[in-house]
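# Tertiary structure, described
Residues per chain are reported as follows:
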Amino acid sequence: MFDKIELSFSPYDTAWVAMVPSLELPQAPCFPQCINWLLDNQVNDGSWGLHNRPSWLVKDAVLCTLACVLALKRWGIGEEQMNKGIQFIMSNFASVTDEKQQTPIGFDIIFPGMIECAQDLNLNLPLRSSDINAMLERRHLELNRNYTAGRKEYLAYVSEGIGKLQDWEMGEEEIFLDLTTCAMAFRLLRLNGYDVSSDPLTQFAEDNQFCNSLKGYLKDISAVLELYRASQITIYPDESVLEKQQFWTSHFLKQELSSGSIHSNRFSENDSSQVEDALKFPYHVNLERLAHRRNINLYNVDNMRILKTSYWWVVEKRLDKLKFARQKQTYCYFSVAATLFSPELSDARMSWAKNAVLTTIVDDFYDLGGSEEELLNLIDLLERWDVEEGKNCCSEQVEIIFSALRSTICEFGDKTLTWQGRNATSHIVETWLNLLQSMFKETKCLRNKSVPTLDEYMENAYASFALGPIIFPAVYFVGPKLSEEVVRDPEFHNLYKLVSTCGRLLNDIQGFKRESKEGKLNSVSLQMTYSDGNMTEVEAIEKIKVVIKSTRRELLRLVLKEEGSIVPRACKDLIWKMSKVLHLFYMNTDGFSSNVEMVKAVSEVVYEPISVNM
């Protein structure tokens, strides 16, 4: 068996399997291959396990070695190997009580039980009676410790150390259901489009249910972390199981961090980093590129060439001459480099980045940089499209912006012919035109000091948030063929509207104070206005956060939906990644407008190479 396939071996487990007798001939091993493996794989120092073992894993090696010696003694073979193994155990016996050693789970129960097994087999271990009695006393105290949470599962896990003291009246489902696997399977299946129910996680909806499991007894951080991650994949409004699970798991993880119980174990540095990362970046804000960077040290990439190309493109198009405009090309490129990073998505990245730069400039133009004549002139030029730029532009500002818009739209419109087999320029023009019209409506409302209803505001505000010219051109370059019917289907528009609504409301919350000083209305101020003074700023923001949460949930449901969906998954994934970008930018403040908030994230993705820790 072992010479035909590659296995990730465990000397400890192999030894216990080697002790199983044959049903036909109880005097012989059922799995002689395991015995042969033990005979062939002893380390030079007499132990079984890692050849280059760290100094803090000696206790584990002693446990493995004793199990292997017992297996050989059980069948009366390998005397030379047994003697070398016993010598290793005795030379390193001090590690048994060394608190600085990494202690295998249940060691104080299992190791004394194996010593008893050695006595039953008449294995000569030159141990003092006082040492044996001390170990048996520790086992007795551990077995009779006053605990109920996870007791049955824990005792099952360490059953080889209990022997005849074991109560085998246990349900298999209780013992063998692995909650970590269950939570991970649920999360991955949902994220890959399978309509799986959250019912299997009901048993872990409350913290006391978790505590009554083996993982709960062991305070398994990785298990809680996986439950926390699973709880974030909520796509239905009535999934109270996941909401409860998210509440207690986040509280548990925060408590473990604040108490220092994770940091206190030098073997759990990776656990604490993962917990801090998961709490700081929940699923809906976690950009893959940043997540990968935090988790791997093998991926090196140089993005400087594309970023410099983006800069020179801004200069070439004279966009740097528009003094009213924010220069956000680094942020615009970061937002896509952190999400669409596969080499074959180069056109999608450049489309996203360039159109993001242009939407930022157009937003500033309609917000404060242009007169009403200029704003209408730009709309008229886009409507007419085939016009001579110099003769029909009322100002240099309009000429610069329209020229940049026209060349960029044509650039990516032409590329759609290669990707899609048809030219989608007219659709991209239409998308830009819708944005300009919505921005003009917003500007006119501000200048006339009119107060729309909240519904009127949102019906225009999701479009004026300016995601249309970023999303719609980019989806043509992510792979799937998109017919005219698909891109104009209500499902596509609904996905776009949901992500835009999330972005607009996130922006409104973080920009409320600044916009109030500028005399602008947004969803926060309108909530307060129409409450007749009965709603505070905090209450208005909390109400909007509820809307954001439900909108994000519905968006995720549609992204993961397979049956009845005509929008390709790659296109829906792009929209979801845009949602994650928005939540990251507006997590603590208006990160897009800030010059400092996103500096670290941008540096990690765009500038700093990943260092390799050897």
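Our subject is the structure that appears above.
Here the structure is a predicted model, which means the values were calculated and not measured.

## Comments concerning the nonpolar core
The biggest cluster of nonpolar side chains holds 110 residues, and the ones touching the most others in it are L319 and Y366. Each residue touching L319, except ones within four places of it in the same chain, is listed here: W313, V314, Q327, V357, L358, I361, I400 and A404. Counting residues in each nonpolar core, the second largest holds 39 residues, with W37, V58, V62 and M135 among its members.

## Thoughts on unusual backbone geometry
Here K449, not a glycine, exhibits a phi torsion of approximately 55 degrees, which is positive. Here K449 lies in the loop between α22 (425–447) and α23 (454–464). Positive phi, close to 55 degrees, is recorded for D532, a residue that is not glycine. Mapped onto the elements, D532 comes out in the loop between α27 (523–529) and α28 (537–560). Judged by its relative accessible area of 69%, D532 is exposed.

## Here's the deal with the environment of D363
Here D363 lies in helix α18 (residues 346–369). For D363, a relative accessible area of 25% puts it in the partly exposed group. Spatially, the C-alpha atom of D363 lies 8.7 Å from that of L436, the residues being 73 residues apart in sequence. Within the local environment of D363, its side chain forms a polar contact with the side chain of R326, the two groups lying 3.2 Å apart.

## Remarks on the side chain of S22
Structurally, the position occupied by S22 is in the loop between α1 (11–18) and α2 (32–40). Taking the relative accessible area as the measure of exposure, S22 reaches 13% and is therefore buried. A polar side-chain atom of S22 sits 3.3 Å from the main-chain amide nitrogen of L25. If near-sequence neighbours (up to four positions away) are discounted, S22 is found in contact with A28, P29 and C30.

## With respect to a nonpolar patch on the surface
On the surface, a nonpolar cluster with roughly 200 Å² of combined accessible area is contributed by V17, V20 and F31. Relative to the assigned elements, F31 resides in the loop between α1 and α2.

## Re the packing of helix α9 (residues 179–191) against helix α12 (residues 221–231)
Relative orientation of the contacting elements α9 and α12 amounts to 25 degrees, with a least axis distance of 8 Å. Relative to α12, α9 is oriented roughly parallel. Between α9 and α12 the crossing geometry is left-handed. Residues L179, T180, A183, M184, F186 and R187 of α9 pack against S222, A223, E226, L227, R229 and A230 of α12. Classifying every residue of the contact of α9 with α12 by side-chain character gives 7 nonpolar, 2 polar and 3 charged.

Here is what the cut-offs are and how they apply
Residues numbered from 1 in each chain as written. Predicted model: local features only at pLDDT ≥ 70, side-chain atom pairs only at ≥ 80, totals over all residues. Heavy atoms only, no water. Core = buried A, V, L, I, M, F, W, Y, C linked by side-chain atoms within 4.5 Å. Buried < 20%, exposed > 50% of the residue type's maximum accessible area, 1.4 Å probe, protein only. Contact = heavy atoms within 4.5 Å. Helix = DSSP H or I, 4+ residues; strand = E, 2+ residues; numbered from the N terminus. Polar contact = N/O pair within 3.5 Å; in protein donor to acceptor, adjacent residues only side chain to side chain. Patch = residues over 30% accessible without salt bridge, like charges linked within 9 Å, V, L, I, M, F, W, Y side chains within 5 Å. Areas by Shrake-Rupley, 256 points an atom, 1.4 Å probe, with all protein chains shown as cover. Salt bridge = Lys/Arg side-chain N within 4 Å of Asp/Glu carboxyl O. Axes fitted to C-alpha atoms, helices over the stretch in contact; angles between N-to-C directions. Parallel < 35°, antiparallel > 145°, perpendicular 65-115°, else oblique. Left-handed = near helix turned anticlockwise from the far one by under 90°. Nonpolar A, V, L, I, M, F, W, Y, C, P; charged D, E, K, R; others polar.

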